[in-house]
Amino acid sequence: MADAKVIPFGEDPRTRRKGQRAVRTQRAQAPLQPVPPQRDEEQPVAEPPVVEAAGDEPTAGAVGWEQRLAGGLDFLRRRITGDYEVDDFGFDEELTDQVLMSLLRPMYEKYFRVEVRGMENIPRTGGALIVANHSGTVPLDGLMLQVAVHDHHPANRHLRLLAADLVFMLPVISELARKAGHTLACAEDAQRLLERGEVVGVMPEGFKGIGKPFSERYKLQRFGRGGFVSTALRARAPIVPCSIVGAEETYPMVGNSKTLARLLGFPYFPITPTFPLLGPLGAVPLPTKWTIQFGEPIPTDVYPPEAADDPMLMFNLTDQVRETIQHTLYKLLVRRRSVFF
């Protein structure tokens, strides 16, 4: 039997049912009110994210591009107005850093993939004479040596190369050589640069080195009468031997047309497997792998000033530098895996 509902004493059931119907009618006629969501009072209310407008802050790439553009325009302005400096040898440091090095660097890094060793042997300050072997039919080794010293030395020093007379007789080439810091290969200019604290480069083999046949590659030619040793002794600058491997194979010289050389006024006219057979295309150097190694410096300040006039001392030091370079060349060739890799 189901449980009966308990009605409070004294309450009429009919009256109670009427009251319940009235309450339900009022609720149905009342408008609906939105019910606020319930949330935990202890949890903080999340703040809406702040969205920054696009373009408020320039990106790093845009800043870098704007700075390069501004620097380039400022460089052109100084070039046009003449607001730049050159030394008494014609060296334009800004042009060399901004333009010439930028043009040579891809060939140095990507084409010849030059590896440098012994850079710590070049002093951070003061004069020094770098003596290197010379080869390759076209004197690209001097330019690559200049990039190596500038880019890999901790002080980013500039190499002032001593060039032959022919370089300063050629149009355009002579002007660019002066702007890059090259000067005539004479003892007076070399001594002045060394006494100023510059790094000077010399290749004593000269045309005998770059114009030798491919069959004599990596065999050093005569170093002249040792004039570079006398210059270093007078300036009391250290001599740094330098060995370059890889330049010999860029233009394998298999012949020399002496008749054309005399007509053109050149010391030699090279004949290679690709030149002049392929015309201008044959003038493109082969992409050989290069190594440049700087040896330990040979001090000259340990000798008295009058030692620069001692022919026997000059002969001994010249022979020491030459033997050091030749011995290092042989060691690098033994370690080399391939001409191109």
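If you check an unreviewed UniProt entry, the protein chain appears there as 1-acyl-sn-glycerol-3-phosphate acyltransferase from Streptomyces zagrosensis.

(A) Inspection of the overall build of the protein chain at higher detail. Helix and strand counts for the protein chain stand at 10 helices and nine strands. Split into buried and exposed, the 341 residues of the protein chain put 38% on the buried side. Here the protein chain displays about 21,100 Å² of accessible surface, and carbon together with sulfur accounts for 59% of that area.

(B) Region of the structure containing the pairing of strand E5 (residues 199–202). Burial along E5 is two-sided: Val199 and Gly201 facing one way and Val200 and Val202 facing the other are all buried. In terms of strand pairing, strand E2 (residues 128–132) meets E5 through four bridges, oriented parallel. Bridged to valine 131 within E5 is valine 202. Alignment of strand E3 (residues 159–163) against E5, held across three bridges, turns out to be parallel. From the neighbouring strand, leucine 159 faces E5, where its bridge partner is valine 199.

(C) Quick look at the packing of aromatic side chains. Under the criterion given, the structure shown has four aromatic pairs. Ring centres 6.2 Å apart and planes at 75° place the aromatic pair phenylalanine 223 and phenylalanine 228 in the edge-to-face group. Measuring from ring centre to ring centre gives 6.0 Å for phenylalanine 269 and phenylalanine 275, while their planes differ by 40°; the resulting arrangement is tilted. Taken together, the ring pairs in this structure connect Tyr111, Phe112 and Trp290 into an aromatic cluster. Its end group placed over the ring of phenylalanine 168, arginine 178 keeps NZ or CZ at 4.4 Å from the ring centre.

(D) Focus on the sheet that holds E2. In space, the seven strands of this open sheet follow the order E1-E9-E6-E2-E5-E3-E4, with mixed pairing throughout. The sheet is open, and its two edges are formed by strand E1 (115–117) and strand E4 (183–184), each paired on a single side. Pairing between E2 and strand E6 (residues 239–245): four bridges, direction parallel. By the bridge assignment, valine 131 is partnered in E6 with proline 241.

(E) Spotlight on the layout of surface pockets. Roughly 200 Å³ of volume is contained in the second largest pocket. Every residue lining the second largest pocket is listed: Glu115, Arg117, Val245, Lys289, Trp290, Thr291, Leu332, Arg335, Arg336, Arg337 and Phe341. Elements with a minimum of two residues in the lining of the second largest pocket: E1 and helix H10 (311–335). A class-by-class count of the residues in the lining of the second largest pocket yields four nonpolar, one polar and six charged.

(F) Just empty space enclosed by the protein, in detail. For the coordinates displayed, the defined rule picks out one cavity of 30 Å³ or more. Surrounding the largest cavity, Gly136, Thr137, Gly209, Ile210, Lys212, Pro213, Phe214, Arg217, Glu248, Tyr251 and Met253 form its lining. When grouped by side-chain class, the residues that make up the lining of the largest cavity number five nonpolar, three polar and three charged.

(G) Main features of the environment of asparagine 316. Counting through the fold element by element, asparagine 316 comes out in helix H10. Classification of asparagine 316 by relative accessible area gives partly exposed; the value is 42%. Each C-alpha atom of the pair asparagine 316 and valine 229 lies 9.7 Å from the other, and the pair is 87 residues apart in sequence.

(H) Layout of the pattern of salt bridges. Considering all chains together, one arrives at 17 salt bridges under this definition. Across the salt bridge formed by arginine 192 and aspartate 88, the nearest N and O atoms sit 2.7 Å from each other. Taken together, the residues span a long stretch of sequence, with arginine 192 in helix H6 (residues 187–195) and aspartate 88 in the loop between helix H2 (60–81) and helix H3 (93–111) at a distance of 104 residues. Residue arginine 192 is classed as partly exposed on the basis of its relative accessible area, which comes to 37%. Taking the relative accessible area as the measure of exposure, aspartate 88 reaches 52% and is therefore exposed. A salt bridge links glutamate 249 to arginine 336; its shortest N-O distance comes to 3.2 Å. Taken together, the residues span a long stretch of sequence, with glutamate 249 in the loop between E6 and strand E7 (255–256) and arginine 336 in the segment after H10 at a distance of 87 residues. For glutamate 249, a relative accessible area of 6% gives the class buried. Connected through shared salt-bridge partners, Asp74, Arg77, Arg78, Arg79, Asp92 and Glu94 make up one network.

Cut-off values and rules
Sequence order as written defines residue numbering, which begins from 1 separately in each chain. Only residues with pLDDT of 70 or above have their local features reported here, since the model is predicted, and side-chain atom pairs are shown and tallied only from 80 upward, although totals for entire chains, interfaces and linings are computed over all residues. Water and hydrogen atoms play no part in the side-chain values, which are based on all heavy atoms of the structure. The secondary structure listing takes helices from DSSP runs of H or I that are at least 4 residues long and strands from runs of E that are at least 2 residues long, numbered from the N terminus. Think of it in three bands: residues with accessible area under 20% of the maximum for their type are buried, residues over 50% are exposed, and the middle band is partly exposed, with areas taken using a 1.4 Å probe on protein chains only. Here the accessible surface of atoms and residues is derived via Shrake-Rupley with a 1.4 Å probe, and residues count as covered only by protein chains that are part of the display. Two strands form a pair only when DSSP identifies at least two bridges running between them. Planes of paired rings set the category: under 30 degrees apart is stacked, over 60 is edge-to-face and the rest tilted, where pairs are Phe, Tyr or Trp rings (Trp by its six-membered ring) whose centres lie within 6.5 Å. As a reminder, the over-ring test applies to NZ of lysine and CZ of arginine, requiring each to be within 6 Å of the ring centre and within 35 degrees of the ring normal. The rule is simple: put a 1 Å grid over the protein atoms alone, call a set of points where a 1.4 Å probe fits but cannot get out a cavity, call an open set with protein on both sides within 12 Å along at least five of seven lines a pocket, and count a residue as lining if it has an atom within 4 Å of a point. Grid points are joined across faces, edges and corners, and a volume is the space filled by probe spheres set on the points. Throughout this entry, Asp, Glu, Lys and Arg are counted as charged residues, while Ala, Val, Leu, Ile, Met, Phe, Trp, Tyr, Cys and Pro are counted as nonpolar. The remaining residues, Gly among them, count as polar. The salt bridge criterion pairs a side-chain nitrogen of Lys or Arg with a carboxyl oxygen of Asp or Glu, the two atoms within 4 Å.

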